[in-house]
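Observations on the model geometry
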Number of protein chains: 2
Amino acid sequence: LLAAADALVESVHFRRDEPPFLLGRKALAVNLSDIAAMGGRPTHFLLTLLLPRDLPWDFLRRLLEGMAASAREHQVKLAGGDTCVSPGPLGISISVLGETRSASPPPLMRRGARPGDAIYVSGPLGASALGRRLLEAGWKPRLDRSGRKVAAAVPPKPGRAGRAERVRAAEALRAHLDPRPRLDLGGWLRARGAATAAMDVSDGLALDLWRLTQASGVGARLLEPAIPIADPARRLAGAVGADPLALALHGGEDYELIFTVPPSRERQAIRAGGLFIGWITRGGGLVMSPASGPSKSLRPEGFDHFREPRG
Amino acid sequence: LLAAADALVESVHFRRDEPPFLLGRKALAVNLSDIAAMGGRPTHFLLTLLLPRDLPWDFLRRLLEGMAASAREHQVKLAGGDTCVSPGPLGISISVLGETRSASPPPLMRRGARPGDAIYVSGPLGASALGRRLLEAGWKPRLDRSGRKVAAAVPPKPGRAGRAERVRAAEALRAHLDPRPRLDLGGWLRARGAATAAMDVSDGLALDLWRLTQASGVGARLLEPAIPIADPARRLAGAVGADPLALALHGGEDYELIFTVPPSRERQAIRAGGLFIGWITRGGGLVMSPASGPSKSLRPEGFDHFREPRG
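All values derive from a computational prediction rather than experimental measurement.

Turning our eyes to something else, we now look at the overall build of chain A. Of regular secondary structure, chain A possesses nine helices and 13 strands. Expected size for 311 residues packed as a compact globule is a radius of gyration near 19 Å; at 19 Å, chain A falls within 12% of this value. A total of 311 residues make up chain A; the buried ones form 58% of that total. In chain A, the proportion of contacts linking residues at least 24 apart, taken out of those at least 6 apart, comes to 84%. In the structure as shown, chain A presents an accessible area of about 12,800 Å², 51% of it carried by carbon and sulfur atoms. Looking at charge distribution, chain A has the averaged site of its 43 positive side-chain charges lying 4 Å from that of its 31 negative ones.

The next subject is the environment of Val261 of chain B. All names here are of chain B. Tracing the backbone shows Val261 in strand β10 (residues 257-261). Exposure remark for Val261: the relative accessible area of 0% places this residue in the buried category. For Val261 and Trp279, which are 18 residues apart along the polypeptide, the C-alpha to C-alpha distance reads 9.3 Å. Ignoring sequence-local partners within four residues, the contact set of Val261 consists of Asp117, Ala118, Tyr120, Ala194, Ala195, Thr196, Glu266 and Ala269.

Before going further, it helps to examine the relation of the copies chain B and chain A. The pair of chain copies shares a relation made of a rotation about an axis and a shift along it. Of the two same-sequence chains, chain B is brought onto chain A (RMSD 0.0 Å, axial shift 0.0 Å) by a rotation of 180°. The two molecules are tied by a two-fold rotation axis, judged by turn and shift. It is Gly88 of chain B whose C-alpha, among those of chain B, lies nearest the rotation axis, at 2.2 Å. A shared binding surface is used by both copies, with 100% of the interface residues of chain B retained as interface residues in chain A.

Take the pairing of strand β10 (residues 257-261) of chain A next. All names here are of chain A. Counting buried positions along β10 yields five of five residues, so the element is predominantly enclosed. Alternating positions in β10 separate into two faces, Leu257, Phe259 and Val261 on one and Ile258 and Thr260 on the other, with burial throughout. In this sheet, β10 lies alongside strand β5 (residues 118-121) in antiparallel orientation, the contact comprising four bridges. Within the sheet, the bridge partner assigned to Ala118 lies in β10 and is Val261. Across four bridges, strand β8 (residues 197-200) lies against β10 in antiparallel orientation. Across the sheet, the residue bridging to Met199 is Ile258, located in β10.

Let us look at the sheet that holds strand β12 (residues 286-289) of chain A. Residues and elements named next belong to chain A. Strand order in the open sheet made by the seven strands is β8-β10-β5-β11-β9-β12-β13, with mixed pairing throughout. Whereas interior strands pair on both sides, the edge strands pair on one side only; in this sheet they are β8 and β13 (296-297). On top of the sheet, helix α1 (residues 20-37) reaches β8 and β10; it is set at about 175° to β8, its chief contact. Strands in contact with helix α6 (residues 205-216) are β5, β8, β9 (219-223), β10, β11 (275-281) and β12; relative to β8, the strand with the most contacts, it is inclined by about 145°.

Contacts between chain B and chain A engage 32 residues on the former and 33 residues on the latter. Taken together, the two surfaces of chain B and chain A that pack against each other cover about 2,500 Å², and 69% of this comes from carbon and sulfur. At the junction of chain B with chain A, the criterion picks out four residue pairs in polar contact (both at pLDDT 80 or more). Broken down by secondary-structure element, the contributors of at least two residues to the side of chain B that touches chain A are β1 (2-9), β2 (41-52), β3 (77-86) and β4 (91-99) of chain B. Its residues placed into classes, the side of chain B that touches chain A shows 17 nonpolar, 10 polar and five charged.

Residue and element names in this part refer to chain B. The four strands are arranged β1-β4-β2-β3 in an open sheet whose pairing can be described as mixed. Since the sheet does not close on itself, it has two edges, and those belong to β1 and β3, each with one partner. Taken over all neighbouring pairs, the strand axes of this sheet differ in orientation by 15° on average, direction set aside. In this sheet, β4 lies alongside β2 in antiparallel orientation, the contact comprising nine bridges. Residue pairing for β4: Pro42 is matched across the bridge by Gly98. Relative to the sheet, helix α1 (residues 20-37) contacts β1, β2 and β4, its axis offset from that of β1 by approximately 145°.

Turning our eyes to something else, we now look at the side chain of Arg15 of chain A. Residue and element names in this part refer to chain A. In this structure, Arg15 sits in the loop between β1 (2-9) and α1. The class of Arg15 is buried, set by a relative accessible area of 16%. Here Leu135 takes part through its backbone oxygen, which lies 3.0 Å from a polar atom of the side chain of Arg15.

Attention now goes to the packing of aromatic side chains. Working definition: an aromatic ring pair is given by the centre-to-centre distance plus the angle between the planes. Summed over the entire model, instances satisfying the criterion amount to six aromatic pairs over all chains. Centre to centre, the rings of Tyr120 of chain A and Phe259 of chain A are 5.9 Å apart; their planes meet at 15°, and the pair counts as stacked. Taken together, the residues Tyr120 of chain A in strand β5 and Phe259 of chain A in strand β10 connect sequence positions 139 residues apart. The two residues Tyr120 of chain A and Phe259 of chain A agree in class, both being buried. Taking 5.8 Å as the distance between ring centres and 70° as the angle between the ring planes, the aromatic pair formed by Tyr120 of chain B and Phe276 of chain B counts as edge-to-face. Taken as a pair, Tyr120 of chain B in strand β5 (residues 118-121) and Phe276 of chain B in strand β11 (residues 275-281) lie far apart in primary sequence, 156 residues in all. On the basis of relative accessibility, which here comes to 1%, the residue Tyr120 of chain B falls in the buried class. By relative accessible area, which is 25% here, Phe276 of chain B ends up partly exposed.

Turning our attention to helix α4 (residues 163-177) of chain A. Since the α-helix turns once every 3.6 residues, residues separated by three or four places project in the same direction. Residue and element names in this part refer to chain A. Between its first and last C-alpha, α4 extends 21 Å over 15 residues, near the 21 Å set by a 1.5 Å rise per residue. Taken together, the buried positions of α4 are occupied by Arg168, Ala169, Ala170, Ala172, Leu173, His176 and Leu177. The inward-facing, buried residues of α4 abut α1, α3 (127-136), β6 (140-143), β7 (150-154) and α7 (231-236).

Residue and element names in this part refer to chain A. Their axes nearest at 6 Å, the elements α1 and helix α2 (residues 57-74) cross at an angle of 40°. The angle between α1 and α2 falls in the class oblique. For α1 against α2, the interelement crossing comes out right-handed. Side by side, α1 and α2 meet where Pro20, Phe21, Leu23, Gly24, Arg25, Ala27, Leu28, Ala29 and Leu32 of the first sit next to Phe59, Arg62, Leu63, Glu65, Gly66, Met67, Ala69, Ser70, Ala71 and His74 of the second. Grouping the constituent residues of the contact of α1 with α2 by class yields 12 nonpolar, four polar and three charged.

Here is what the cut-offs are and how they apply
- Residues numbered from 1 in each chain as written.
- Chains lettered and ligands numbered in written order.
- Predicted model: local features only at pLDDT ≥ 70, side-chain atom pairs only at ≥ 80, totals over all residues.
- Heavy atoms only, no water.
- Helix = DSSP H or I, 4+ residues; strand = E, 2+ residues; numbered from the N terminus.
- Rg over C-alpha atoms; globule rule 2.2 N^0.38 Å.
- Buried < 20%, exposed > 50% of the residue type's maximum accessible area, 1.4 Å probe, protein only.
- Contact = heavy atoms within 4.5 Å.
- Areas by Shrake-Rupley, 256 points an atom, 1.4 Å probe, with all protein chains shown as cover.
- Lys, Arg positive; Asp, Glu negative; His and termini not counted.
- Charge placed at Lys NZ, Arg CZ, Asp CG, Glu CD.
- Least-squares fit on C-alpha atoms with pLDDT ≥ 70 in both.
- Pairing = 2+ DSSP bridges.
- Axes fitted to C-alpha atoms, helices over the stretch in contact; angles between N-to-C directions.
- Buried area = accessible area lost by both parts, 1.4 Å probe.
- Polar contact = N/O pair within 3.5 Å; in protein donor to acceptor, adjacent residues only side chain to side chain.
- Nonpolar A, V, L, I, M, F, W, Y, C, P; charged D, E, K, R; others polar.
- Phe/Tyr/Trp six-rings, centres within 6.5 Å; stacked < 30°, edge-to-face > 60°.
- Expected span 1.5 Å × (residues − 1).
- Parallel < 35°, antiparallel > 145°, perpendicular 65-115°, else oblique.
- Left-handed = near helix turned anticlockwise from the far one by under 90°.

See the structure below:
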């Protein structure tokens, strides 16, 4: 039996002008991602809604439709929950229960990484954080006819963005508003007993990897040129005054998996689509080795709710 | 496997001047009560905290101490959770997982009540709702030396309340601030297969019994003289401008169990401490029969978050 809980809070994790269908789907997806990181199969969820009195009924309806769509897609059932009025923001608090089909191999945990293990991440990073910055800068998603997909990105000032820029912005908004839990990969890694530790990237690679190393009692050395920066983050970060590498390291909400494998398992990690980013070390915290020059310590900073308010 | 979720939200369910130790214990207790109503044994909980930036560290520490005390007492383990900043109120969202020691008899559910079943409640009602009214009227709890128990009630104007009144007020504050989940009773009822349906009284007898009848596809007839009104509610309701029977029927947060039993099991229900309040009927919603005169329909009203804001 596996269990995880994650909440989305208005003006911390989202703004009310975001599409409610996608918000509902994301609220469940970020929880399914926790189960994915354990290599489990989600089965049930509990939903607690804190609803402001002024929330339009239609917003709530669309939000629940999005959540139901995600629940159907991933075959998880609503098992209960609670609904309260909120004198403040809209809050969506979800707990997901899951299982592993067999008792062995055991679920993937944050602890278990060993010195010498290689560190992999399941995909490029930073697109979601860029998407958040674009929303803050006034970009809007335009949904397709079904109302369930981000079809395009509309710049704050019409005509001021080229086609390539709009395509990349749409990709970033999609990553931010409609993340997909890596359930298949997590299950695959666990079933093969390939990974020694795993977790998902919710608050940013640096912070989440630091948590993994803390839980495992080890350190990590990352290779700066190996950090996979998502194409939109690489190309558009400057337009929102951000640094591409910083988005990839500290941006968060990528919901890719970080996992560690012993050297004998690297071929499997690569076959699973893993991107090599560094090694687990005996200690010494997080260290970043640039292409040339001395290594530097990498601060475990991420999307820290207590420092970074959203309007 | 059993699961339930319940949230407490500042200025809806509590005020920040309430003792944080008791608040933490209550936040877990109201969730354990859901498992009690199913006749299960709670095993794990997930905790999601929405924390305002201005929340004093000491408040949070005491809250978590209270929660830990309850977890130790009932042998439930923290299995995970999430912590976010809240731009609004303090929110405590908990999910509890539980189990039944054996697969049969099955867990107690809201559905299952049959026409002709007798309805029992596990204790007198209305004290908690009175406690809430007393707090709103300016009464304060005074804790004992351990800081873990309500020792006395302090009236808003010193010297204006007699000793008997203070004793009853303390009982009401205790019921409101420090409710105890009826885990033993729930487990006992399930193990004996005595009850056909059960749930706990969180939003008020009338509303919660209505939910039970809706889930079971039946109605209910309550006997007004049989409704057990807690002594403080009976004696002090007038002092806060409330009606004793209304507190018992609609006040909520009693966390007693409502359960239904077939006639052949009534002796067991009484031995378990159950108080008879009426019968399940074939349909017709909720009906209240007074000591004399015609029966009236009973509105399924309770502590409705969306109508009753708290300051």
